[in-house]
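Here is what each chain is made of, one letter per residue.
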Amino acid sequence: MLLFSLLVVNVASAYGYGTSSISLASGSARLTSGNGTSVSYTVNLASGSTWGTTLNVVNAQQLDSQGIAVTLSPSSGDPTFSGTMSIKVGAAAQAGTYTIVLQATGDDPSTSNATFALTVLAPATTSAQTTTTNATQNKTSSAQQTTSLQQTTTIRQPTTTASQPTTSANYYNSPGAYYGSGNATAQLASSALIILIILGALYGLFMWKSMLTRLVVIGTALILIGTVAWLYGDYLGGIQSYIWGGFAGILVGTAAWIYGDIGGGTFKQALAGRLSLLGIILILIGAFGWAYGELYSPGMSAYWWGGTALLVIGTLAWLYGDVKAGAFLKKIK
């Protein structure tokens with residue numbers, strides 16, 4: 001029943017979420033180093049139902065390294081919601097043009113990014129000619145000092161990102177990293193994989209009557225379902241409920257499996273115990289490494305597929321250890 005519930009959540013939520021669009025009160029600003037400004041924004045519900053949605057500055061780390069700090073308040077809510085984007089240009093920021101990229105993620109992701117053009121002006125320059133006295137000729141030259149200042153101006157050009165549900169866009173999240181917007185193929189593939197995993201789990205629950213063996217079957221199914229859901233969340237554009245729901249499913253499945261192996265004595269056997277421990281280590285490295293990528297390098301596909309590879313290899317190694325331990329020997333006749 002738990003496994004079927006996960007399938008229902010996967011399919012129903014894929015159709016239940018909506019999309020959003022992001023509008024800014026102005027499209028650009030010009031600032032000198034050491035100054036700041038603020039711009040209001042609105043995250044509008046473009047389609048579907050309203051759910052928890054988070055607005056992100058997807059290139060915040062890059063901007064921060066260049067001396068530009070951007071904060072959003074509030075950064076999350078149920079569309080439609082509004083807030084303020086505060087921009088602070090540090091004294092060390094180089095003159096030039098920068099682009100601030102905004103993206104909504106979560107249950108109502110934005111179908112396209114909103115951009116804000118920030119021009120950092122060169123700092124004020126001062127030229128001075130000092131007064132000098134020639135002691136020999138008893139002449140004094142007059143001092144002259146000129147200052148050239150560049151004022152901060154904000155160009156008010158309302159910019160709205162329109163909803164384009166049929167467009168498959170790439171969302172920029174960090175230097176060299178992208179989230180995909182998702183498509184029908186990914187949705188069908190993920191649902192088909194979960195159906196196959198559930199059918200395999202039901203077969204295992206029917207064939208083996210031992211509760212400890214059934215815990216192994218359930219744990220395996222939850223880890224694989226969590227991996228598929230997590231991948232789907234990444235390819236759908238960074239849907240956090242899929243990502244962290246998949247992460248939770250992997251941890252719960254791992255805990256159930258460990259409990260079953262402890263009761264079955266798998267870890268007391270030399271080869272089977274080592275294989276099982278190897279599988280657990282690979283699964284935990286894959287899950288937490290992948291989660292680290294989601295938090296600090298969102299959209300980096302190397303974390304997705306590296307985590308997936310470790311999770312699948314760890315699951316197979318663990319299963320092989322249980323086979324060696326005799327966990328699947330007793331079947332219903």
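Before going into details, it helps to say that this report is about the structure given with it. (Residues numbered from 1 in each chain as written. Predicted model: local features only at pLDDT ≥ 70, side-chain atom pairs only at ≥ 80, totals over all residues. Heavy atoms only, no water.)

**Side note on the overall build of the protein chain**
Okay, so step 1: When helices and strands are tallied, the protein chain shows 7 helices and 17 strands.
Okay, so step 2: Here the protein chain holds 333 residues, and the buried ones make up 43% of them.
Okay, so step 3: For the protein chain, the exposed surface amounts to about 16600 Å²; the carbon and sulfur share of it is 62%. (Helix = DSSP H or I, 4+ residues; strand = E, 2+ residues; numbered from the N terminus. Buried < 20%, exposed > 50% of the residue type's maximum accessible area, 1.4 Å probe, protein only. Areas by Shrake-Rupley, 256 points an atom, 1.4 Å probe, with all protein chains shown as cover.)

**Brief notes about a nonpolar patch on the surface**
Okay, so step 1: Taken together, the side chains of Leu193, Ile195, Leu196, Leu199 and Leu202 define a hydrophobic patch exposed on the protein surface, amounting to about 450 Å² of accessible area.
Okay, so step 2: Structurally, leucine 193 is set in helix H3 (residues 184-207).
Okay, so step 3: Among the residues examined, leucine 193 registers a relative accessible area of 44% and is labelled partly exposed. (Patch = residues over 30% accessible without salt bridge, like charges linked within 9 Å, V, L, I, M, F, W, Y side chains within 5 Å. Salt bridge = Lys/Arg side-chain N within 4 Å of Asp/Glu carboxyl O.)

**Quick look at the packing of aromatic side chains**
Okay, so step 1: Evaluation of the coordinates by the stated rule reveals 9 aromatic pairs.
Okay, so step 2: When the centroid spacing of 3.9 Å and the interplanar angle of 5 degrees are considered together, the rings of tryptophan 230 and tryptophan 290 count as stacked. In this pair, tryptophan 230 is assigned in helix H4 (residues 211-235) and tryptophan 290 in helix H6 (residues 270-296), connecting sequence segments 60 residues apart. For the pair tryptophan 230 and tryptophan 290, one class covers both residues: buried.
Okay, so step 3: Ring plane angle 85 degrees and centroid distance 5.5 Å describe the contact between phenylalanine 247 and phenylalanine 288, whose orientation is recorded as edge-to-face. Placement of phenylalanine 247 in helix H5 (residues 240-264) and of phenylalanine 288 in helix H6 is noted, with a sequence separation of 41 residues between them.
Okay, so step 4: Of the residues examined, phenylalanine 288 reaches a relative accessible area of 47% and is grouped as partly exposed.
Okay, so step 5: Put simply, the rings of Trp230, Trp244, Phe247, Phe288 and Trp290 touch in pairs and so form one group of aromatic residues. (Phe/Tyr/Trp six-rings, centres within 6.5 Å; stacked < 30°, edge-to-face > 60°.)

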